[in-house]
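Residue strings, one per chain:
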Amino acid sequence: MLLEMQTLCEPVSAGDSSLACTKYTRYCRATNLYIDLRNPRRNTDRYREDFLEEGEIGGHCKLNKKALVDEGEHKSPLQSWFAELQTYSQLNFQPMEGGNCDLVIEKPTYFMKLDAGVNMYHHFCDFVNLYISQHINNSFNADVNIVMWDTSSYGYGDLFSDTWKAFSDYNIIHLKTFDHKRVCFKEAVFSLLPRMRYGLFYNTPLVPDCFSTGMFRAFSQHVLFRLNITKDVPLMGRIRVTFLVRSTQYRRVLNQQELVKALKMVSVFDVRVVDYKDIGFLEQLKITHNSDIFISIHGAGLTHLFFLPDWAVIFELYNCDDDRCYLDLARLRGVHYTTWEKRDKVIPQDKGHHPTLGDHPKFTNYSFDVTEFMRLVLSAAQRVTQHPKWHFTQYHTEL
């Protein structure tokens, strides 16, 4: 991606600004950046495309306007920064000189446009792309600001806010914090975005046999280390099975108690049934990271597979006809994935009731054949014990 970097506004003398971006303005770096928020045009839209006018964002540098305009093909809220930078202007003053800024931000700053903070799958698109942006920027220093670019007046619901501590020592700053001021940023990065075309995590095209990318494993290790999530030593002869339940209206397991009872009949299984909505996120990570088999029906909670140990198996109990989502994520992370195989052994409560699309498999609840369930779990357990990184090489005859 660094090979795509193109200077769009070139400094001419000392103290000048600069702007350089990759193709389609998916990632940009700026120095001595000027943003004038004295007249904020806020409404209910989080990503207004006309939020800044000419002269309200820019720098003192030689702007190649045509080159900037040519990068607008991917203009879209969570795919590029073109809407925010299309009015970048060549200013006739140096932002950092002569009292042109009401506020000067000396710390390096990452600008981000965020996906849904209440959904782990979508929000971790943000975190993964921030991590990759740090790689591109060649710095993992946590002494940085992270500014949430949001043109609305709303707050941001974030169920996974503890994760920010892996990237910054400070609280996340909402863009509206700077309203009614001219703000200058000494160093700024416009981070990779969560829904880029052929992007990273979301919309990632995988070639056949792609498994265990170093980047996604490194992301997992980085977050676990920065958040101080420790790994317990498994007890000899025990396999830790975590069953994540849903308390939502749809995709509940109707015979959950039956399945759990069957799991507990296997003497080598330490079975834990959890509902993460009642548990803080750091404790969730601790539980996940100390699971050998992680079971749940299709839903964002399966994103926890990021933080399983390398030998673990993620068992998506039923994928509700969304067969690539968590399979691909497991392949990227490098943990073995399994899911339900025999359609005649799973019983939907009804055809499902999507509010606009009608019948839909994600909008109903399910019962599962206990014998088939246990066959799949025992197969997963064999995968765990045969993994080269499993702590105990002795085969569990109880399986």
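The coordinates are above.
The structure presented is a predicted model; accordingly, all values stated were derived computationally and were not measured.

A. Highlighting the layout of surface pockets. In this structure, the largest pocket occupies an estimated 900 Å³ of space. If you trace the largest pocket, you find 39 residues lining it, with Asn119, Met120, Gly299, Ala300 and Gly301 closest to the centre. Every element with two or more residues in the lining of the largest pocket is listed here: helix 3 (120–137) and helix 7 (325–333). It is helix 7 that provides the largest number of residues to the lining of the largest pocket, a total of five residues. Considered class by class, the residues forming the lining of the largest pocket number 19 nonpolar, twelve polar and eight charged. Lining the second largest pocket are 13 residues, and of these Ser161, Trp164, Tyr170, Asn171 and Ile172 lie nearest its centre. Split into classes, the residues belonging to the lining of the second largest pocket amount to six nonpolar, three polar and four charged.

B. Expanded view of unusual backbone geometry. Its identity is not glycine, yet Thr25 carries a phi of approximately 50 degrees, on the positive side. Its place among the elements puts Thr25 in the loop between strand 2 (18–21) and strand 3 (28–36). Phi is positive for Tyr198, which is not a glycine, with a value near 50 degrees. Take Tyr198: it is sitting in the loop between strand 11 (182–190) and helix 4 (214–226).

C. Structural context of the packing of helix 5 (residues 256–264) against helix 8 (residues 370–386). Close contact between helix 5 and helix 8 brings their axes to 10 Å; oriented N to C, the two are set at 50 degrees. In terms of orientation, helix 5 lies oblique with respect to helix 8. With respect to the hand of their crossing, helix 5 and helix 8 are arranged in right-handed fashion. Taking contact as the criterion, the partners of Glu258, Leu259, Ala262 and Leu263 in helix 5 are, on helix 8, Val370, Phe373, Met374 and Val377. Residue composition of the contact of helix 5 with helix 8, grouped by class: seven nonpolar, no polar and one charged.

D. The pairing of strand 15 (residues 313–316), seen in detail. Burial of the side chains of strand 15 extends over both faces: Val313 and Phe315 are buried on one face and Ile314 and Glu316 on the other. Strand direction decides the pairing type here: strand 14 (residues 293–296) and strand 15, joined by four bridges, are parallel. The residue bridging Phe294 from the neighbouring strand is Ile314, located in strand 15. Bridging between strand 15 and strand 16 (residues 336–339) involves four bridges; their strand directions are parallel. Residue pairing across strands places Glu316 opposite Thr339, the latter belonging to strand 16. For the segment spanning strand 15, helix 7 and strand 16, crossover handedness is right-handed.

E. Molecular detail of the sheet that holds strand 15. Strand order in the open sheet made by the five strands is 13-12-14-15-16, with parallel pairing throughout. Sheet topology places strand 13 (269–274) and strand 16 at the edges, where each strand pairs with a single neighbour. This sheet shows a mean twist of 20 degrees between the axes of neighbouring strands, independent of strand direction. With six bridges joining them, strand 12 (residues 239–244) and strand 13 adopt parallel strand pairing. Bridge assignment links Ile239 to a residue of strand 13, and that residue is Phe269. Contacts from helix 5 reach strand 12, strand 13 and strand 14 within the one sheet, and its direction differs from that of strand 13 by about 155 degrees.

F. Molecular detail of helix 8. Between the first and last C-alpha of helix 8 there are 24 Å, a value that for 17 residues agrees with the 24 Å anticipated at 1.5 Å per step. Here helix 8 has its buried residues at Glu372, Phe373, Met374, Leu376, Val377, Ala380, Ala381, Val384 and Thr385. Residues of helix 8 that are buried in the fold lie against strand 12, helix 5, strand 13, strand 14, strand 15 and strand 16. Two to three positions downstream of the cap, the backbone nitrogen of Thr371 sits 3.2 Å from a side-chain oxygen, assigning the N-cap of helix 8 to Asp369.

G. Inspection of the side chain of Asn365 at higher detail. For Asn365, the location among the structural elements is in the loop between strand 17 (346–348) and strand 18 (366–368). Here Gln249 takes part through its backbone oxygen, which lies 3.5 Å from a polar atom of the side chain of Asn365. Among all residues touching Asn365, those that are not within four sequence positions of it are Gln249, Tyr250, Arg251, Arg252, Leu254, Ile347, Pro348 and Gln349.

H. The arrangement of the state of the cysteines in detail. Throughout the structure, instances matching the rule amount to three disulfides. What pairs with Cys101 in a disulfide is Cys184, and their sulfur atoms sit 1.9 Å apart. Taking the torsion about the sulfur-sulfur bond, which here is approximately -80 degrees, the covalent link between Cys101 and Cys184 counts as left-handed. Residue Cys101 is found in the loop between strand 6 (89–90) and strand 7 (103–105), and its partner Cys184 is found in strand 11; the two are separated by 83 residues along the sequence. Judged by relative accessible area, which is 15%, Cys101 ranks as buried. Accessibility expressed as a relative area gives 0% for Cys184, which makes it buried. Cysteine pairing for the protein chain, with bonded cysteines counted in sequence order: 1-4, 2-3, 5-6.

Conventions we followed
Residues numbered from 1 in each chain as written. Predicted model: local features only at pLDDT ≥ 70, side-chain atom pairs only at ≥ 80, totals over all residues. Heavy atoms only, no water. 1 Å grid on protein atoms, 1.4 Å probe; cavity = no way out; pocket = protein on both sides within 12 Å on 5 of 7 lines; lining within 4 Å. Points joined across faces, edges and corners; volume = space filled by probe spheres on them. Helix = DSSP H or I, 4+ residues; strand = E, 2+ residues; numbered from the N terminus. Nonpolar A, V, L, I, M, F, W, Y, C, P; charged D, E, K, R; others polar. Axes fitted to C-alpha atoms, helices over the stretch in contact; angles between N-to-C directions. Parallel < 35°, antiparallel > 145°, perpendicular 65-115°, else oblique. Left-handed = near helix turned anticlockwise from the far one by under 90°. Contact = heavy atoms within 4.5 Å. Buried < 20%, exposed > 50% of the residue type's maximum accessible area, 1.4 Å probe, protein only. Pairing = 2+ DSSP bridges. Right-handed = clockwise from strand over helix to strand, strands pointing away. Expected span 1.5 Å × (residues − 1). Polar contact = N/O pair within 3.5 Å; in protein donor to acceptor, adjacent residues only side chain to side chain. Disulfide = S-S within 2.5 Å.

Read these as geometric descriptors, not functional statements.
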